[in-house]
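# Understanding the architecture of this molecule
Listed here are the chains, written in short residue letters.
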Amino acid sequence: MFDTTKIRSQFPILTKEIYHKPLIYFDNAATSQHPQCVIDRIADSYYRVNANVHRGVHTLSIEATEAHEAARRQVQTFINARHAHEIIFTRGTTEAINLVAGSWGNEFLHDGDEIILSVMEHHSNIVPWQLLQRHKAIKLRVIPINERGELDLDAYRAAFNEHTRLVSITHASNVLGTINPVQEMIAYAHEQNVPVLVDGAQAIPHLTVDVQALDADFYVFSAHKVYGPTGIGILYGKEKWLDAMPPYQGGGEMIAHVSFEHTTYNELPYKFEAGTPDYIGTRAFATALEWIEATGATEMHAYEQELLHYATAKLEEIEGIRIYGTARQKTPVISFLANKIHHYDMGMLLDKMGVAVRTGHHCAQPLMSTLGIEGTVRASFAAYNTREEIDAFATAVTKCCNMLR
Ligand code: PMP
């Protein structure tokens, strides 16, 4: 039995009340909550080991640097990267994709080249490529989905041609929950000599990710969706790519030597980490990863799947509910609409009943257009959620339907 009581007791925010009702937090796909140990680590870092990293000879700075670099190794182990220097700290998934678009894209893409994306991409994996289009005549090819919300793999294979230079694809959809067969997709792309960037923002909280097994060229995600702090993201890149890419931003720590005539750049990973990094956040992220390991990632993932199936069945019992995204492989994310009820109205009423869900287009407007809707109500689960919460949520949704109909 998965001990949710024990897990919940480690998340202080879960005792909060909203409108005098116990908080039911089902907005985990947007950001997850933090266990006490992660919150404590942030305070502890400020109390005991705060000094700027990499630049000091004094003890405090050396300790701070060691903790920051230990966090990098922790991330390396978590996703099974070959080298610690293949882990670049960024502000989040969005910055990591912008880094690849800005650096790799500028270096390796030329007029006439093509990038394959899918229709279910988050804006963070669309707009950085469109920004590149301001300087280069590159084309974006978009893979469609079937009625279950699964990628059309025939269309994917057919999208390749002699101009294809990159596939940039989400591992899991933040709207539909669909888990894409990225390993298979990467293998196919590599047969055509095309590298692949995987947006792992929605996969990393719910799947065990092994970047070497996937053979991903780039894998990006955010700490704040996986029990870690905000403001920390990860760009994993294969050494051969990161070595070949120019710096993304200039400034402190990314240089080897600066003169007004000629500046040389630091080695990996520092080449891509200009300025003081969020070393308080990186350590807290390492603590979050330790917490996941101690709690049992596999058990958490299996339990989250149980919650997904339980909640899906509960919602299906309610008259007039339509679920968007019925893929065979899904993360614990349910997007739905109820008859003609506007998603905002449903979200606001649910909030009054203590239930936090997300409403709107979820930063996936092209997907919304494809589905022919403006937005959905989205409930997304984490390991601290319970069946009792889902029962209360289903009752609340039924009440909303009766009130708004
Ligand atoms: N990609 C996906 C699939 C996401 O779900 C999100 C967050 N909603 C992002 C990218 C962007 O993540 P962040 O805001 O942490 O940069």
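Look up a bit, the structure's there.
Conventions used here
- Residues numbered from 1 in each chain as written.
- Predicted model: local features only at pLDDT ≥ 70, side-chain atom pairs only at ≥ 80, totals over all residues.
- Heavy atoms only, no water.
- Near = heavy atom within 4 Å.
- Polar contact = N/O pair within 3.5 Å; in protein donor to acceptor, adjacent residues only side chain to side chain.
- Areas by Shrake-Rupley, 256 points an atom, 1.4 Å probe, with all protein chains shown as cover.
- Nonpolar A, V, L, I, M, F, W, Y, C, P; charged D, E, K, R; others polar.
- 1 Å grid on protein atoms, 1.4 Å probe; cavity = no way out; pocket = protein on both sides within 12 Å on 5 of 7 lines; lining within 4 Å.
- Points joined across faces, edges and corners; volume = space filled by probe spheres on them.
- Domains from an automatic or database assignment.
- Phe/Tyr/Trp six-rings, centres within 6.5 Å; stacked < 30°, edge-to-face > 60°.
- Helix = DSSP H or I, 4+ residues; strand = E, 2+ residues; numbered from the N terminus.
- Buried < 20%, exposed > 50% of the residue type's maximum accessible area, 1.4 Å probe, protein only.
- Salt bridge = Lys/Arg side-chain N within 4 Å of Asp/Glu carboxyl O.

## Remarks on the site of the ligand
Near the ligand there are 13 residues, and of these Thr 94, Asp 199, Gln 202, Ser 222 and Lys 225 occur at the shortest range. Here an oxygen atom of the ligand and a side-chain polar atom of His 224 are 2.7 Å apart. For the ligand, whose accessible area on its own is 400 Å², the fraction buried by protein is 84%. Broken down by class, the residue content of the shell around the ligand amounts to 1 nonpolar, 10 polar and 2 charged.

## A word on empty space enclosed by the protein
The full count for this structure, using the stated rule, is 1 cavity of 30 Å³ or more. The computed volume of the largest cavity comes to approximately 40 Å³. Lining the largest cavity are Asn 28, Ala 29, Ser 32, Pro 205, His 206, Lys 225, Tyr 227, Phe 381 and Ala 382. Shared between two domains, the lining of the largest cavity holds at least three residues of each, these being domain 1 (4–30 + 296–404) and domain 2 (40–293).

## What to know about the packing of aromatic side chains
Aromatic ring pairs are described here by two measures, namely the spacing of the ring centres and the angle between the planes. Enumeration according to the criterion identifies 17 aromatic pairs in this entry. Residues Phe 26 and Phe 381 carry aromatic rings whose centres are separated by 4.8 Å and whose planes lie at 90° to one another, so their mutual orientation is edge-to-face. Here Phe 26 is found in the loop between β3 (24–25) and α2 (36–48), whereas its partner Phe 381 is found in the loop between β17 (376–380) and α14 (387–404), with 355 residues between them in sequence. Pair check on accessibility: Phe 26 and Phe 381 agree, each one buried. Centre to centre, the rings of Phe 336 and Phe 393 are 6.1 Å apart; their planes meet at 70°, and the pair counts as edge-to-face. Separated by 57 residues along the polypeptide, Phe 336 in strand β14 (residues 333–338) and Phe 393 in helix α14 bring together distant segments of the chain.

## Describing the pattern of salt bridges
In total, this model carries 17 salt bridges according to the counting rule given. Between Arg 328 and Glu 150 there is a salt bridge whose closest N-O contact spans 2.6 Å. Linking Arg 328 in the loop between β13 (321–324) and β14 with Glu 150 in the loop between β6 (139–143) and α6 (153–158), this pair joins segments that are 178 residues apart in sequence. Accessibility expressed as a relative area gives 58% for Arg 328, which makes it exposed. You can call Glu 150 buried: its relative accessible area is 13%. Here Asp 154 makes a salt bridge to Arg 157, at a shortest N to O gap of 3.1 Å. Of this pair, Asp 154 and Arg 157 both sit in helix α6, 3 residues apart, which is roughly one turn of that helix. For Asp 154, a relative accessible area of 56% corresponds to the exposed category. Salt bridges linked by common partners bring Asp 27, Arg 358 and Arg 378 together as one network.

Keep in mind that these numbers describe shape and distance, not what the molecule does.
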